[in-house]
Amino acid sequence: MPELPEVETTRRGIAPALIGRRVINVIVRDRRLRWPIDRHFEASIKDRTVRRIERRAKYILIVFDTGTLILHLGMSGSLRILGAEAAPRLHDHWDIYLDSGKVLRFHDPRRFGSAHYTVSDPQLHPLLAKLAPEPLSDAFDADYLFRATRKRAVAIKQFVMNSQVVVGVGNIYASEALFRASISPRRAAGRISRAQAQALARAIKDVLAEAIEIGGTTLRDYVNAEGAPGYFRQKLFVYERAGESCRVCKTRIKQFTQGQRSTYWCSVCQR
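Owing to the predicted nature of the structure, the values given are computational and were not obtained by experimental measurement.

Peer 1: I would appreciate a short explanation of the sheet that holds strand β8 (residues 114-118) in the present structure.
Peer 2: Note on sheets: strands pair through backbone hydrogen bonds, and any given pair is parallel or antiparallel. Pairing is antiparallel in the open sheet, where four strands are placed in the order β2-β3-β4-β8. Every interior strand has two partners, whereas the edge strands, β2 (50-56) and β8, have only one. Averaged over all adjacent pairs, the angle separating strand axes in this sheet is 20 degrees, with direction ignored. With five bridges connecting them, strand β4 (residues 68-72) and β8 associate as antiparallel partners. Pairing of L69 across the sheet is with Y117, part of β8. Along the sheet face, helix α1 (residues 4-18) touches β2 and β3 (59-64) and points at about 175 degrees away from the line of β2.

Next comes the structure, spelled out in structure tokens:
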């Protein structure tokens, strides 16, 4: 699944082609996404001008002059900016044609993505209203994380992947941040110290910022807005490196299943 850096990379990739442009046509080929696309979708967006492109958690928000399109890439979705003459492929579910001669095209083989249009404040939409703080915001810091972990018995890795605690910290970046903070993914959240909370909050911010800077991690179906993969995978310390030598201490990286997901860690660096 595309994670926060991949979504932010997509947002940045499509923004220059969209901002200030007017929608001249909308074509929906298949409404059967995670939630069916509303029958008024086309009429709601046509003739509207894009003002800004924002992100909340893993949602991309295309803000028009009269409303907001809330998009989620699901497990395999991608957004591309193409020439209007580009022929659609299998699993290209909808197109937004712009007055520039370009088209924003949504591709999603597994159809877990979604598209919702709202004329109200998008932050009050049911999909966004109850989301936790952004990991790169000032609201997410050591004090917040330390307070949130008190008396919590759940493992710290599962804790930081909970979108009701902090949004957008997926499996890859949770594993990498815990390595950088020298914290075992098995440690109970309530047992991390204030110093560890500070190290982990900083590590989460750093690993996400670095991944965004170089385009995210290459993951299965994910490609960025231009169709090129990200390169953060080359910098991973533990994720999907089971059996390989730790880049720090040379111990073999271990793997186990945690919350139905694979967890990777170094038993020496993360005691």
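Peer 1: Just to check I follow, could you spell out the side chain of D30 for this structure?
Peer 2: Mapped onto the secondary structure, D30 falls in the loop between β1 (23-28) and α2 (41-45). Given a relative accessible area of 13%, D30 falls into the buried group. Among the polar contacts made by the side chain of D30, one reaches the main-chain amide nitrogen of R32 at a distance of 2.9 Å. When near neighbours in sequence (up to four residues on either side) are disregarded, D30 contacts I37, H93 and R111.

Peer 1: Explain the packing of helix α3 (residues 142-149) against helix α6 (residues 194-213) to me, please; I cannot follow it from the model alone.
Peer 2: The relative placement of two packed helices is expressed as an angle between their axes plus a distance between the axes. Following both chains from N to C, one finds α3 and α6 inclined at 125 degrees, their axes separated by 8 Å at the closest point. On the basis of the axis angle, α3 is oblique to α6. Viewed along their axes, α3 and α6 form a crossing whose handedness is right-handed. For the pair α3 and α6, the contacting residues are A142, D143, L145 and F146 in the first and R194, A197, Q198, L200 and A201 in the second. For the contact of α3 with α6, a count of residues per class yields six nonpolar, one polar and two charged.

Peer 1: How should the pattern of salt bridges be read in this particular structure?
Peer 2: Opposite charge on two side chains lets them pair, provided their charged atoms get close. Taken as a whole and assessed by the stated rule, the structure comprises 17 salt bridges. R180 is the partner of E210 in a salt bridge, and the nearest nitrogen-oxygen pair spans 2.8 Å. With E210 in helix α6 and R180 in helix α5 (residues 171-180), this pair connects stretches of sequence that are 30 residues apart. What makes R180 partly exposed here is its relative accessible area of 30%.

Peer 1: Mind showing me how you'd approach the sheet that holds strand β6 (residues 92-98) here?
Peer 2: As summarised here, the arrangement of the four strands in space is β1-β6-β7-β5, forming an open sheet in which the pairing is antiparallel. In the strand order of this sheet, the two ends are held by β1 and β5 (78-83), each with one partner. On average, adjacent strands in this sheet sit at an angle of 20 degrees to one another, irrespective of strand direction. In the sheet, β1 pairs with β6 via five bridges, with the strands oriented antiparallel. Among the inter-strand pairings, V26 is bridged to a residue of β6, identified as I96. Running over the sheet, α1 touches β5, β6 and β7 (102-107) and is turned about 30 degrees from β5.

Peer 1: Is there a simple way to think about the state of the cysteines in this case?
Peer 2: Two cysteines whose sulfur atoms are joined by a covalent bond form what is called a disulfide. Using the criterion set out here, one finds zero disulfides in the structure. There is no disulfide at C249, and the cysteine sulfur nearest it, in C266, is 3.5 Å away.

Peer 1: Looking at this model, I keep getting lost on the packing of aromatic side chains. Mind explaining?
Peer 2: What describes a pair of aromatic rings is the distance from one ring centre to the other and the angle between the planes of the rings. Under the criterion given, the structure shown has seven aromatic pairs. Between the aromatic rings of F64 and Y117, the centroid separation amounts to 6.3 Å while the plane-to-plane angle is 55 degrees, which identifies the pairing as tilted. In this pair, F64 is assigned in strand β3 and Y117 in strand β8, connecting sequence segments 53 residues apart. Look at Y239 and Y264: their rings are 5.2 Å apart centre to centre, the planes differ by 70 degrees, and that puts the pair in the edge-to-face class. Residue Y239 is found in the loop between α6 and β9 (254-258), and its partner Y264 is found in strand β10 (residues 261-265); the two are separated by 25 residues along the sequence. In terms of burial, Y239 and Y264 fall into one category: buried. Taken together, the ring pairs in this structure connect F41, W94 and F106 into an aromatic cluster. Above the plane of the ring of F146 lies R150, whose end atom (NZ or CZ) is 3.9 Å from the centre. Taking the ring centre of F256 as reference, the NZ or CZ of R186 above it sits at 3.8 Å.

Criteria and cut-off values
- Residues numbered from 1 in each chain as written.
- Predicted model: local features only at pLDDT ≥ 70, side-chain atom pairs only at ≥ 80, totals over all residues.
- Heavy atoms only, no water.
- Pairing = 2+ DSSP bridges.
- Helix = DSSP H or I, 4+ residues; strand = E, 2+ residues; numbered from the N terminus.
- Axes fitted to C-alpha atoms, helices over the stretch in contact; angles between N-to-C directions.
- Contact = heavy atoms within 4.5 Å.
- Buried < 20%, exposed > 50% of the residue type's maximum accessible area, 1.4 Å probe, protein only.
- Polar contact = N/O pair within 3.5 Å; in protein donor to acceptor, adjacent residues only side chain to side chain.
- Parallel < 35°, antiparallel > 145°, perpendicular 65-115°, else oblique.
- Left-handed = near helix turned anticlockwise from the far one by under 90°.
- Nonpolar A, V, L, I, M, F, W, Y, C, P; charged D, E, K, R; others polar.
- Salt bridge = Lys/Arg side-chain N within 4 Å of Asp/Glu carboxyl O.
- Disulfide = S-S within 2.5 Å.
- Phe/Tyr/Trp six-rings, centres within 6.5 Å; stacked < 30°, edge-to-face > 60°.
- Lys NZ or Arg CZ within 6 Å of the ring centre and 35° of its normal.

Any link to function would need more than the numbers given here.
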